[in-house]
Amino acid sequence: VDVGIHDLLDKNGIRIGLGRDLDWRYFKGLLGKYPSSRMSQGRTPPGKEGYVELPMRTGVAEQTIFGLDDQGQVWGRSFERCDDLLGVSFIASTHHPGDVIVKVCPIVRGLRRYYRVSAITNEETQIELVHPEHLYNMRLEAVIPLNDFLIVAPSKQARLSTSMGQTFLMIEGKAEPVERVLVIVPRAFRTDDPTTAE
């Protein structure tokens, strides 16, 4: 994982790291202890980019998100009546067989409301459009070696209520906030049959 991206994400409340193949049994055991965990699968043909959207929070009445970009500038946006998702794209590396390039982008899918008034009937019609906004400032990108996996979790900065980590990786629990952790496990499959090669 690029050091600059790692530091930028950490300041925005998101911690990322690579897990090694030897550690997979431990993490698989942890995931098995939490029945509320969800699994999403995506598959893509050779040379094509795959994409999966993961809903993190739905039906958010209103929220404000602040972040820090790679130029050190603070930005902020407010949203109403929206859903928070993470878009995950993945593609096999062309330079290192077996490696996978994974990109994760936060998405806020909100409703934009406007009114149309007919000059003839003088009737007012309310129209709502679903408008997704991709927050590219997060810039999460990693090359995952064969048999390794990517872990995405809240960092210490996620305690800030308007941080990216708080917005996308924390939910309200019964007695305390609950962290959400993503474990992204890419696996490459052979598409040819080596026994038939001449």
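Above: the structure in question.
A brief look at the structure comes next. (Residues numbered from 1 in each chain as written. Predicted model: local features only at pLDDT ≥ 70, side-chain atom pairs only at ≥ 80, totals over all residues. Heavy atoms only, no water.)

1. Examining the environment of P55
With respect to the helices, strands and loops of the structure, P55 is situated in strand β2 (residues 50-68). Residue classification places P55 among the partly exposed residues on the basis of a relative accessible area of 36%. Each C-alpha atom, one on P55 and one on D83, is 7.5 Å from the other, the two residues being 28 residues apart in sequence. Filtering out sequence-adjacent residues up to four positions away, P55 remains in contact with R38, D84, L85 and R180. (Helix = DSSP H or I, 4+ residues; strand = E, 2+ residues; numbered from the N terminus. Buried < 20%, exposed > 50% of the residue type's maximum accessible area, 1.4 Å probe, protein only. Contact = heavy atoms within 4.5 Å.)

2. Focus: the packing of aromatic side chains
For the structure on display, the rule yields three aromatic pairs. When the centroid spacing of 5.4 Å and the interplanar angle of 80° are considered together, the rings of Y26 and F27 count as edge-to-face. Exposure remark for Y26: the relative accessible area of 54% places this residue in the exposed category. One aromatic cluster is present, built from ring pairs that chain together W24, Y26, F27 and F149. (Phe/Tyr/Trp six-rings, centres within 6.5 Å; stacked < 30°, edge-to-face > 60°.)

3. Section: a negative patch on the surface
Residues D2, D7, D10 and E141 make up a contiguous surface patch of negative charge. D7 gets classed as partly exposed once you look at its relative accessible area, which sits at 39%. (Patch = residues over 30% accessible without salt bridge, like charges linked within 9 Å, V, L, I, M, F, W, Y side chains within 5 Å. Areas by Shrake-Rupley, 256 points an atom, 1.4 Å probe, with all protein chains shown as cover. Salt bridge = Lys/Arg side-chain N within 4 Å of Asp/Glu carboxyl O. Lys, Arg positive; Asp, Glu negative; His and termini not counted. Charge placed at Lys NZ, Arg CZ, Asp CG, Glu CD.)

4. Things to note about the environment of D21
With respect to the secondary-structure elements, D21 resides in the loop between β1 (14-19) and α2 (24-32). Relative accessible area serves as the criterion here: at 39%, D21 is assigned to the partly exposed category. The spatial distance from the C-alpha of D21 to the C-alpha of P145 is 9.6 Å, given a sequence separation of 124 residues. Once residues within four sequence positions are removed from consideration, D21 is found in contact with N147, D148 and R187.

5. Structural notes on the pairing of β2
The side chains of a regular strand alternate, first on one face of the sheet and then on the other. With 15 bridges joining them, β2 and strand β3 (residues 74-92) adopt antiparallel strand pairing. Counterpart to E62 in the pairing with β3 is E80. From the end of β2 to the start of β3, which pair antiparallel, there are five residues, and G72 there has a positive phi angle of about 85°. (Pairing = 2+ DSSP bridges.)

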